[in-house]
Amino acid sequence: MHTLLVVGCGSLGETLLDALAEHRGRTVVVLEEGGKHLKSEGSGLKVIEGDPTDAEVLGEIEDVRSVLVADEDPSQNLTAARVAREVHPEAFLLAYVGSETTADARAALRDVADRIVDPREALTSYLTDRIGTGGTSIHELRSVLADVEGELAIVTHDNPDPDAIASAVALERIAERMGCPAQACYYGSINHQENRAMVNLLEYDLRALDPDEDISAFGGFALVDHARPGINDGLPEGTDVDVVIDHHPPRGPVAARFTDLRSDVGATSTLLVDYYRRLGVEPAGDVATGLLFGIRVDTDEFSREVSVADFEAGAFLLPEADVGALERIENPNVSSATLETIAEAIISRQRYGSVLLSGVGRISDRDTLAQAADRLLNLDGVTTTLVYGIKDGTIYVSARARGTDLDLGEALRAAFDQVGSAGGHADMAGAQIELGVMEWVEEGEQSLREIVDGLVTDRFLEVLEMHPSQISLGAYGTGADAAVDPPSDDWPMEGSGGPTDDDRPTDGANVRKDDQSTDEQADETDGYGDDSGQEDDSGQEDGSGQEDDDGREDDSGQEDDDGREDDSGQENDSEHRIGGAEPN
């Protein structure tokens, strides 16, 4: 049985022992003879009277995995820590500095212990944290919500990704806890299999808003995972906003009565976790599960643009999260449309050095582009993939990169901003281009396919030539790097023998962590969000075109990292089920 050894026991030690009453294992406390009587003594706690600085006394205790040095006397703590380190060298050693100690003693103790507890540093950190973003923010948020007369509409970016969905639901619960009725809302659709599974499995009550819907009944508006009304959401531009919470850096002023814009974290869900922690409230299981999934998606499993706060938020959520539900969300049924797009992307791929491009023709679900781009990135020697297709008069583009110094978000902006909108992260991005008059091109002199191929391919490769360290293009399509498996002459047309909505598995709302971007990011990181690549007023791209790491789209064209987007965005009359699909 593993043993926790407590050496000396001041007020801090007693507090920790009370907290560790349910500690699995053995707890042994070494106190000076005639020392204080511990309240916890007798409840699974063994107390040994002896000298806490005596190596022989400490050496008699077996199987010690952790040591806590917790006397009030700094000099005795230093001596005890040195002895404990010598006697139990493999154990984790946590030492209390004491309330009054010198800088030299503090440094000496830090050299011996694995971690130290310094009350001065802890207080400074606490106050700095509260002054910088915390306590006053919670007070201000409560004050703003108290002034909302009626129901608060909490609006995500278009085609919300998991981070946006979870953040909206979490803020809804917090607002209601503060006495403000609220409703999580979105424009567009939730098409990605994982996003649908998330909503359905966790039984989130989301309201899908129509572009022409009268929103005057709402008493106020909050924006999550984006910062500007009318940019990557269906709200009228100029809508008065009460609350904005977003982790994307704004490129212009954000107008709201309460704003929390922290770009040093990897997900908006992390900011909502911070609110729960400051309020001293544990989130309900469905909220904790959604927030954890949102963080995992936006940070690509804690590997992209991740911060210490994201890890801490994940650790906070894990005890309350439903791990089984997460597994079901992450392993949804794959639609026939997704398989068709991936197959066409493989067949039509063209390779230029380490860059692989593929046009898949007309598509029924733009989230499938991000998933195809992810799959193609697994080919040997490929560091950059770009897959594009047409839906509803728009060319959608999804790109991925790995092991390269190219910033895809910037590259797609440079290539397509003049003809459309684009944006994203360094390793995943998206764009959208309106076809306009191109859509009416008749077969004959030049096909629509040739025009789209020329537009997308030439513009992207032209930008890549500005990054010679990225690839050696040489002459496009010549030599060993020429096109592999040339594309067929005709693009598959939507509805021509392709899958229909009825052909798709009714797996539900499983959501991924791909292109779940917010309204200002326009990043297509995971395929879970908006592919549109549209920018918000600040010049920052919203979820429209932002692809998250999973390809999940927002309405704005932002793709999340997994390309998950909801096909219908409609709620089922029963249990708010999206797309009528059941999760695995």
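Remember, it's a predicted structure, so these values are computed and weren't measured experimentally. (Residues numbered from 1 in each chain as written. Predicted model: local features only at pLDDT ≥ 70, side-chain atom pairs only at ≥ 80, totals over all residues. Heavy atoms only, no water.)

1. Quick look at the packing of helix 7 (residues 162-177) against helix 10 (residues 285-298)
Look at helix 7 against helix 10: their axes get within 8 Å of each other, and the N-to-C directions meet at 145°. Here helix 7 runs over helix 10; the crossing is left-handed. Across the interface between the two elements, Pro162, Asp163, Ala166, Ser167, Val169, Ala170 and Arg173 of helix 7 pack against Asp286, Val287, Gly290, Leu291, Phe293, Gly294, Val297 and Asp298 of helix 10. Here the residues of the contact of helix 7 with helix 10 sort into eight nonpolar, three polar and four charged. (Axes fitted to C-alpha atoms, helices over the stretch in contact; angles between N-to-C directions. Helix = DSSP H or I, 4+ residues; strand = E, 2+ residues; numbered from the N terminus. Left-handed = near helix turned anticlockwise from the far one by under 90°. Contact = heavy atoms within 4.5 Å. Nonpolar A, V, L, I, M, F, W, Y, C, P; charged D, E, K, R; others polar.)

2. A word on unusual backbone geometry
Of note in this structure, Asn159 is not a glycine but carries a positive phi near 45°. Mapping Asn159 onto the fold places it in the loop between strand 7 (152-155) and helix 7. The backbone phi angle of Glu305 is positive, close to 50°, even though this residue is not glycine. Counting through the fold element by element, Glu305 comes out in the loop between helix 10 and helix 11 (308-317). Taking relative accessible area as the criterion, Glu305 reaches 49% and is therefore assigned partly exposed. (Buried < 20%, exposed > 50% of the residue type's maximum accessible area, 1.4 Å probe, protein only.)

3. Focus on helix 13 (residues 336-347)
Given a rise of 1.5 Å per residue, 12 residues ought to cover 16 Å, and the 16 Å separating the end C-alpha atoms of helix 13 matches this to within 8%. Taken together, the buried positions of helix 13 are occupied by Ala337, Thr338, Thr341, Ile342, Glu344 and Ala345. Take helix 13 and look down its axis: the buried residues cluster within an arc of 165°, on one side only. Where helix 13 is buried, its residues touch helix 8 (193-201), strand 14 (355-362), helix 14 (367-376) and strand 15 (384-391). (Expected span 1.5 Å × (residues − 1). Arc of directions from axis to C-beta.)

4. Considering the sheet that holds strand 11 (residues 243-246)
Pairing is parallel in the open sheet, where six strands are placed in the order 9-8-7-10-11-12. The open sheet has two edge strands, strand 9 (207-209) and strand 12 (258-261), and neither has a second partner. Across this sheet, the average inter-strand angle for adjacent strands is 25°, counted without regard to direction. Where strand 7 and strand 8 (residues 182-187) come together, four bridges link them in parallel fashion. Paired with Leu152 across the bridge in strand 8 is Ala182. The sheet contacts of helix 7 involve strand 7, strand 8, strand 10 (220-224) and strand 11, and relative to strand 8 the element is tilted by about 160°. Relative to the sheet, helix 9 (residues 268-279) contacts strand 11 and strand 12, its axis offset from that of strand 11 by approximately 115°. (Pairing = 2+ DSSP bridges.)

5. Some thoughts on the packing of helix 9 against helix 10
Relative orientation and spacing of two packed helices are given, respectively, by the angle between their axes and the distance between those axes. Where helix 9 meets helix 10, the axes come as close as 8 Å, and the angle between the chain directions of the two elements is 140°. Here helix 9 is positioned oblique relative to helix 10, judged by the angle of their axes. Note on element contacts: helix 10 touches helix 9 through Val287, Leu291, Gly294 and Ile295, opposite Ser269, Thr270, Leu272, Val273 and Tyr276. Its residues assigned to classes, the contact of helix 9 with helix 10 comprises six nonpolar, three polar and no charged. (Parallel < 35°, antiparallel > 145°, perpendicular 65-115°, else oblique.)

6. Thoughts on the pattern of salt bridges
Inspection of the entire model under this criterion finds 17 salt bridges. Glu305 is paired through a salt bridge with Arg304; the nearest N and O atoms lie 3.8 Å apart. Among the salt bridges present, the one from Asp374 reaches Arg400, with a minimum N-O distance of 2.8 Å. One end of the pair, Asp374, is in helix 14; the other, Arg400, is in strand 16 (residues 394-401), with 26 residues separating them in the sequence. With relative accessibility at 25%, the residue Asp374 sits in the partly exposed group. One network of salt bridges, in which partners are shared, links Asp260, Arg262, Asp274 and Arg278. (Salt bridge = Lys/Arg side-chain N within 4 Å of Asp/Glu carboxyl O.)

7. Quick word on the packing of aromatic side chains
The geometry of an aromatic ring pair is captured by the separation of the ring centres together with the interplanar angle, meaning the angle of the planes. Tallying each qualifying case throughout the model produces two aromatic pairs. Here Phe302 and Phe311 contribute two aromatic rings whose centre-to-centre distance is 5.2 Å and whose plane-to-plane angle is 25°, an arrangement assigned as stacked. (Phe/Tyr/Trp six-rings, centres within 6.5 Å; stacked < 30°, edge-to-face > 60°.)

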